[in-house]
Amino acid sequence: MSLIVNRRDIDFLFYEVGDLDEILRNGSYTEFDRGSIDAVLDLAQNMAERAFLPFAGALDANEPAFDGEKVSMMPQVGEALYAFAEAGFFAAGFDQEIGGLGLPSVVCQAVQGMFACANLSVAGYSFLTVAAANLLNECGDAEQKAMFLPKMLEGKWFGTMCLSEPQAGSSLSDIKTMATPTDDGHYRITGSKMWISGGEQEISENIVHMVLAKIPGGPPGVKGISLFIVPKYRVNLDGSVGEKNNVSLIGLNHKMGYRGTTNCALNFGEAGECRGYLVGEPHQGLKYMFNMMNEARLAVGAGATMSALGGYLYSLQYARERLQGRHPGDKDPASPQIAIIEHADVKRLLMTQKAYVEGALALLYYCATLVDRQRLSTDDDERWELKLLLDILTPVAKSWPSEFCLEANKHAIQVLGGYGYTRDYPVERHYRDNRINAIHEGTHGIQGLDLLGRKVRIHDGAALKLLTAEIEKTLAAASTTVGREGEARTLKEALDQCHSTIMRISQCSDVNRALANATPFLDAFGHVVIGWMWLRLAIAAINGLESGKEADKDFYRGKIAACRFFFNYELPKTEHVFRLVGSLDDTCLTVTPESFIGE
């Protein structure tokens, strides 16, 4: 049993729930088939288990250190990322014309997931580099792409995103980093950035920082933000690494989890000129950066899911092997002890993990498939609709796993009992690694505001209508599937209540009151989306059982049981939350700061 992946689940999501077969018959993906995809997955699993997993615990216990001159870390980090680069995984999802492998996004999701589950800290360097390279490929000019992109796809230069500042946090309208134009075509960058993952290390030959800054004289707030490429080392005309670019490490932030990825405070231009190169048009930086931010948000949701998968797989293996106690009805102390997986409450803890993790994984694969379908489509209207659908699902795909897959990690610890709290077992590390994901790339609260304040309303609710139409397709299929009719009715009721809540909110002229409970709404909306995912999974599992695949019968029955569990234990929670949000309750809005403890 692998502790980082269930390959049968990947095949199920690829070919029985999803439409990877159809994707592989179109566009540039036609050179791939199931055999070649399996070979890629085999390579990724072998490398993740051999080069990433073995030192995950040791890296957590021996985080990177800064001696005032440079950052040092375990050599295995560089060795693992070198192997990752040699296999071509930095370039996996990029077009072959620019040096990529041209793999579908949903396959890249599966590949990156194995590395994230094996060692989230090391995988963080790769996902940030890939996201920065995608941003550069999408928004950079020809000269910038030629200068930076090849080395990033080869894994020789890494990438970061530099948004937050010490005084501003998530409020990007308040950033103070400045970019002053020069007569030489570049900008002088001055200022400080905070919470920069991968912001300093000695692994790669260079670091390509994607930095948000303001040009003097520009509009106030977010309308005056521009985007700049700021390398750690300047790049010579021949593409070689030149002198330092005066990007200085102030210090490392020491986190409770995700400890193997350097998290930095950086100064730009403190010790001399720091050169930056404008991406696109001035004052359009936030629009460009959202290309990377949205990709990073999906990656955060994936990281949360894979951390929970690691905990689930380990606690499942432990529960099968650990003997303890007897059934409540067995009063004979001389009778043999049973494996703890035979206890109903342990099954509940495991089933909750399964429902959260596999539901979230299905959503992430669905989102990745939307990216593939956008790339393949030649119809502008269809691409626009696919983009809207991905837009409304992104805050859910980022935040629901970050919140509820963390709960899954909590349950994994509980399965192990006292052992779960010790560093002798990986489940507590997975929990600590996962805890940051509700904050990474936009906090849980920000995602709630984005969903309820923007995404459900954009283009007169077009995104919500598209999502509703997709859910209703599944409802129609479920209503004619034996055993799923009741779940179809339950999900329809939750969906209708969700719509009623949104309507009530939209009629409120007091924006502050309307959005006061945006975060609980995000959780409930996410439960509806995951309920939809589980209904899709259950229908596919029933089809699998009916096709007579005897070897997979337990796998399929497990999916059906998890669907039933989610609809009985989880989806009913939305009724109370939607009622609360729709009532426009202002308890949290009107309570005064003094009321918490008195003056």
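Position numbers for residues count from 1 along each chain, tracking the sequence in the order it is written. Totals for whole chains, interfaces and linings use every residue, but because this is a predicted model, local features are given only for residues with pLDDT of at least 70 and side-chain atom pairs only at 80 or more, for both listing and counting. Side-chain descriptors were evaluated using all non-hydrogen atoms of the structure, hydrogens and water having been removed beforehand.

Chemist: Tell me about the environment of His576, residues and numbers included.
Modeler: A run of DSSP states H or I qualifies as a helix once it reaches four residues; a run of E qualifies as a strand once it reaches two. Both are numbered from the N-terminal end. For His576, the location among the structural elements is in helix H19 (residues 573-582). The sequence separation of His576 and Ala524 amounts to 52 residues, and the corresponding C-alpha distance is 9.2 Å.

Chemist: Which residues make up unusual backbone geometry, and what values do they have?
Modeler: The phi torsion at His283 lies on the positive side, around 70°, for a residue other than glycine. Positionally, His283 belongs in the loop between strand E12 (275-278) and helix H9 (285-321). Relative accessibility under 20% of the residue-type maximum defines a buried residue, over 50% an exposed one, and the middle range a partly exposed one, all with a 1.4 Å probe and only protein chains included. For His283, a relative accessible area of 26% corresponds to the partly exposed category. Here the phi dihedral of Asp460 falls at roughly 55°; this positive angle occurs in a residue that is not glycine. Note that Asp460 resides in helix H14 (residues 458-479). Using a relative accessible area of 71% as the deciding quantity, one classes Asp460 as exposed.

Chemist: Account for the pairing of strand E6 (residues 206-214), naming residues and giving values.
Modeler: Of all 9 residues making up E6, 9 are buried, and the element is well covered by its neighbours. Because side chains alternate across E6, one face comprises the buried residues Asn206, Val208, Met210, Leu212 and Lys214, and the other comprises Ile207, His209, Val211 and Ala213, equally buried. Relative to E6, strand E3 (residues 157-162) runs parallel, the two sharing 6 bridges. Note on E6: the bridge partner recorded for Phe158 is Ile207. Relative to strand E7 (residues 225-231), E6 runs antiparallel, the two sharing 7 bridges. Within E7, the residue paired with Ala213 across the bridge is Ser226. Pairing between two strands requires that DSSP report at least two bridges joining them.

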